[in-house]
Amino acid sequence: MLELLSEHACFGGVQRFYKTDSAAVKLPMRFSVYLPPGFEGQRLPVLFYLAGLTCTEETFMTKAGAQRVAAEQGLILVAPDTSPRGAAVPGETDSWDFGAGAGFYVDATEEPWARHYRMYSHILELRELVLAELPADPARVGIFGHSMGGHGALMLALRNPDLFRSVSAFAPIAAPMRCPWGHKAFGGYLGADRAAWREYDATELMARHQTAPFPAGILIDQGLADKFLAEQLYPDAFEEACRAAGQPLELRRHAGYDHGYYFIQTFVEDHLRFHRRQLG
Ligand SMILES: N[C@@H](CCC(=O)N[C@@H](CSC=O)C(=O)NCC(=O)O)C(=O)O
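Since the model is a prediction, treat every value here as computed from it, not as a measurement.

> Hey, could you run me through unusual backbone geometry in this one?
Most peptide bonds take the trans form, and the phi angle of most residues other than glycine is negative. Geometrically, the link from Glu111 to Pro112 is a cis peptide bond, its omega value of 5 degrees lying close to zero. Phi at Thr54 is positive, roughly 80 degrees, even though this residue is not glycine. Positionally, Thr54 belongs in the loop between strand S4 (44-50) and helix H1 (59-63). In this model, Tyr234 sits at a positive phi of 55 degrees, which is unusual for a non-glycine residue. For Tyr234, the location among the structural elements is in the loop between helix H8 (229-233) and helix H9 (235-245). Overall, the relative accessible area of 31% leaves Tyr234 in the partly exposed class.

Below, the structure is given as structure tokens:
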């Protein structure tokens, strides 16, 4: 079920890379796991990280510098890939913001994507797999992510608050129905019907709430020197939906920080501590 591809000692714990045959995607899928020191024989809190456009299961583990704090906090980290690989869909590698590396964490319904591009279901199946095969506590699962993955984390948590107890994001594409990346992805994967888009848009999902789905709060960090901020991200729209729903949100705006992993490195410790507090 799980094939261990490699493992590396890291801050007293172990960094692993796995492959699994995904029932959701109908292809082999890779993911990475960090296990903190002393993981054997106990059930630890686990934090899923969803990466952004062009990333793989390796990006977060090699670039974010999260393992030192995960080791200290006793957190398992899991990073899935960002799309199916080798689906052989014509044109799937033609652009960097749609197709391979850009699955947007939705289940495609449009052809030719519908057979393999099922990343929403893949994240949920991976959650089950991790809980079955690794020393993770099913009652203490959180989710966070960056950009496309920051949105994926918000959306998956809002659709499944019983499965993910804590949620945060770095520079999420917070309202995909309003931006070019979202139009391209939702139009391509889900078709023209905007009712289908609404089921995957975090701002639309939050707007349905009249009470806070995450009463302990949501954390978002956003760089103000992010070149994608004005055209693609719309954190203010998500902030307004949270305000209307009574959802506590800490949206921290940081002068000088861009969209990349130096920004994530700077604030990743805060996110891990935020989740650790909420997961207990
Ligand atoms: N190739 C693009 C840049 C792509 C990019 O910035 N990807 C981001 C995520 S964007 C939203 O999901 C990312 O995380 N990249 C990986 C990295 O190592 O920085 C361009 O030409 O602008």
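Next, the rest of the story.
> Please clarify how the layout of surface pockets should be interpreted in this entry.
Considered as a void within the structure, the largest pocket measures approximately 230 Å³ in volume. What lines the largest pocket is a set of 14 residues, among which Leu53, Thr54, His146, Phe228 and His259 lie closest to the centre. By residue class, the composition of the lining of the largest pocket is 6 nonpolar, 6 polar and 2 charged.

> Could you clarify how one ought to interpret the site of the ligand in this entry?
Residues in contact with the ligand amount to 14 residues; listed here are only the nearest, Leu53, Cys55, Lys63, Ser147 and Met148. In the environment of the ligand, an oxygen atom lies 3.0 Å from a nitrogen or oxygen atom belonging to the backbone of Met148. At 3.5 Å, a side-chain N or O of Lys227 approaches an oxygen atom of the ligand. Coverage of the ligand by the protein chains reaches 72% of its 540 Å² of free accessible surface. Here the ligand occupies the largest pocket.

Cut-off values and rules
- Residues numbered from 1 in each chain as written.
- Predicted model: local features only at pLDDT ≥ 70, side-chain atom pairs only at ≥ 80, totals over all residues.
- Heavy atoms only, no water.
- Helix = DSSP H or I, 4+ residues; strand = E, 2+ residues; numbered from the N terminus.
- Buried < 20%, exposed > 50% of the residue type's maximum accessible area, 1.4 Å probe, protein only.
- 1 Å grid on protein atoms, 1.4 Å probe; cavity = no way out; pocket = protein on both sides within 12 Å on 5 of 7 lines; lining within 4 Å.
- Points joined across faces, edges and corners; volume = space filled by probe spheres on them.
- Nonpolar A, V, L, I, M, F, W, Y, C, P; charged D, E, K, R; others polar.
- Near = heavy atom within 4 Å.
- Polar contact = N/O pair within 3.5 Å; in protein donor to acceptor, adjacent residues only side chain to side chain.
- Areas by Shrake-Rupley, 256 points an atom, 1.4 Å probe, with all protein chains shown as cover.
- Sits in = over half its atoms within 2 Å of the grid points.

In short, shape yes, function no, at least from these values alone.
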